[in-house]
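# Structure assessment
Given next are the chains, with one letter for each unit.
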Amino acid sequence: MTDFILNAQARTDLGKGASRRLRHSANIPAVVYGGDKEAQSLTIVAKEIAKLFENEAAFSHVIELNVDGAKQNVVVKAMQRHPAKGFIMHADFVRVVAGQKLTAKVPVHFVGEEAPVKKGGEISHVVSEIEVSCEAKDLPEFIEVDLAKAEVGTIIHLSDLKAPKGVEFVALAHGDDKAVANVHAPRVAADAAEGAAE
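What comes next concerns the included structure. These numbers come from a predicted model, not from an experiment. (Residues numbered from 1 in each chain as written. Predicted model: local features only at pLDDT ≥ 70, side-chain atom pairs only at ≥ 80, totals over all residues. Heavy atoms only, no water.)

## Considering the pairing of strand S7 (residues 101-111)
Note the following rule: Whether two strands pair depends on DSSP finding at least two bridges between them. A helix here means a DSSP run of H or I that spans at least four residues, while a strand means a run of E at least two residues long, and both kinds are numbered starting from the N terminus.
Of the strand pairs in this sheet, S7 and strand S9 (residues 129-135) are connected by seven bridges, and their pairing is antiparallel. The residue bridging Leu102 from the neighbouring strand is Cys134, located in S9. Where S7 and strand S10 (residues 143-146) come together, four bridges link them in parallel fashion. Each residue of the ladder has a partner; that of His109, found in S10, is Glu144.

The following block contains the structure:
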């Protein structure tokens, strides 16, 4: 049993015009796929999905998707928001199959930021989420990035993070050791130093 429940209806009216009509009626289009079943187009009440995803944890937890009374466990694969207004326009879900790995995007929580700031550093968050691959039972709520020991001039990469048990960072598995955060000298101080050197 999951704490996150979302109701949906199967949708047969497809295409851009149909999606537009859905949004005008305070609903959004969605798709669920994966497992050994066909992809299914859905209609979800916009305010229901907005309420669910007010809780950040819903992005990295198994959700019980109730489609016309038939329940299935899913995770969010992708979500499209309105570029200016931020409301959800479309959602993709993937069915959870026991014993099968899934990929999901998990939020990043930065901790220990006071220490490098006290040393005169400024912190830039390069990512806000990390794509992971794992079984549903191992899906972490978030990935913690501890910056307490970071010095000015440090770049934190994916390989510097400890993945939770059973969890793999997708980018790293593909050889992409991307930056997660960096600690740099304040821009004003850097400009002043350059000016003094000229």
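The discussion continues.
## Details of the sheet that holds S7
Ordered by their spatial adjacency, four strands build an open sheet running S10-S7-S9-S12, and the pairing between neighbours is mixed. One side of each edge strand has no neighbouring strand; the edge strands of this open sheet are S10 and strand S12 (168-169).

## Let's talk about unusual backbone geometry
Residues apart from glycine generally show negative phi values, whereas peptide bonds are mostly found in trans. Using the following cut-off: Partly exposed describes any residue whose relative accessible area lies between the buried limit of under 20% and the exposed limit of over 50%, with all areas from a 1.4 Å probe on protein chains only and scaled to the type maximum.
Despite not being glycine, Asp68 shows a phi value in the positive range, around 50°. Note on placement: Asp68 falls in the loop between strand S4 (63-67) and strand S5 (70-81). Among the residues examined, Asp68 registers a relative accessible area of 54% and is labelled exposed.

## Focus: the sheet that holds strand S11 (residues 155-157)
Keep this limit in mind: In this description, a line fitted to the C-alpha atoms serves as the axis of each element, helices being fitted only across the stretch in contact, and the angle between N-to-C directions of two axes falls anywhere from 0 to 180 degrees.
Read from one edge to the other, the open sheet built from three strands follows the order S8-S13-S11, with strand pairing classed as antiparallel. Every other strand in the sheet has two partners, leaving strand S8 (122-125) and S11 as the edge strands with one partner each. Here the average twist between neighbouring strands, direction ignored, is 15°. Bridge count for S11 against strand S13 (residues 179-184) is three bridges, and the pairing is antiparallel.

## Some details on the side chain of His90
Inclusion rule: Any N or O atom pair separated by 3.5 Å or less is treated as a polar contact, with the protein-specific requirement of one donor-capable and one acceptor-capable atom, and with residues adjacent in sequence counted only for side-chain atom pairs.
Its place among the elements puts His90 in strand S6 (residues 88-95). Relative accessible area serves as the criterion here: at 19%, His90 is assigned to the buried category. One polar contact links His90 to Asp92, side chain to side chain, over a distance of 3.5 Å.

## Observations regarding the pairing of S5
Sheet analysis places S4 next to S5, joined by five bridges and oriented antiparallel. Counted as the bridge partner of Asn66 is Lys71 from S5. Turn length for the S4-S5 hairpin, with the two strands adjacent in sequence and antiparallel, is two residues, and the turn residue Asp68 shows positive phi of about 50°. Two strands pair when backbone bridges link them, and S5 and S6 are joined in this way by seven bridges, in the antiparallel orientation. Residue pairing across strands places Ala78 opposite Asp92, the latter belonging to S6.

## A short note on the environment of Leu102
Quick note on the threshold: Any two residues whose heavy atoms approach within 4.5 Å at even a single point are treated as in contact.
Tracing the backbone through its elements, the reader meets Leu102 in strand S7. By relative accessible area, which is 7% here, Leu102 ends up buried. Remark: the alpha-carbon pair of Leu102 and Val132, spanning 30 residues in sequence, is separated by 8.2 Å. Every residue in contact with Leu102, bar those within four places of it in the chain, is listed here: Val75, Val96, Val132, Ser133, Cys134, Ala136 and Leu139.

## Describing the pattern of salt bridges
Note the following rule: When a carboxyl oxygen of Asp or Glu lies within 4 Å of a side-chain nitrogen of Lys or Arg, that pair is called a salt bridge.
According to the stated counting rule, one finds three salt bridges in the structure shown. A salt bridge links Lys77 to Glu131; the shortest N-O distance between them is 3.8 Å. Of the two residues, Lys77 is situated in strand S5 and Glu131 in strand S9; the sequence distance between them amounts to 54 residues. Residue Lys77 is classed as partly exposed on the basis of its relative accessible area of 28%. Residue Lys137 pairs with Asp138 through a salt bridge whose shortest N-O separation is 3.4 Å. Since its relative accessible area comes to 66%, Lys137 is described here as exposed.

## Focus: the side chain of Arg95
Secondary-structure assignment places Arg95 in strand S6. The class of Arg95 is buried, set by a relative accessible area of 8%. A polar contact of 3.5 Å, which involves the side chain of Arg95, links it to the backbone oxygen of Lys37. With sequence-adjacent residues up to four places away left out, Arg95 is seen in contact with Val32, Tyr33, Gly34, Gly35, Lys37, Glu38, Gln40, Gln72, Asn73 and Val74.

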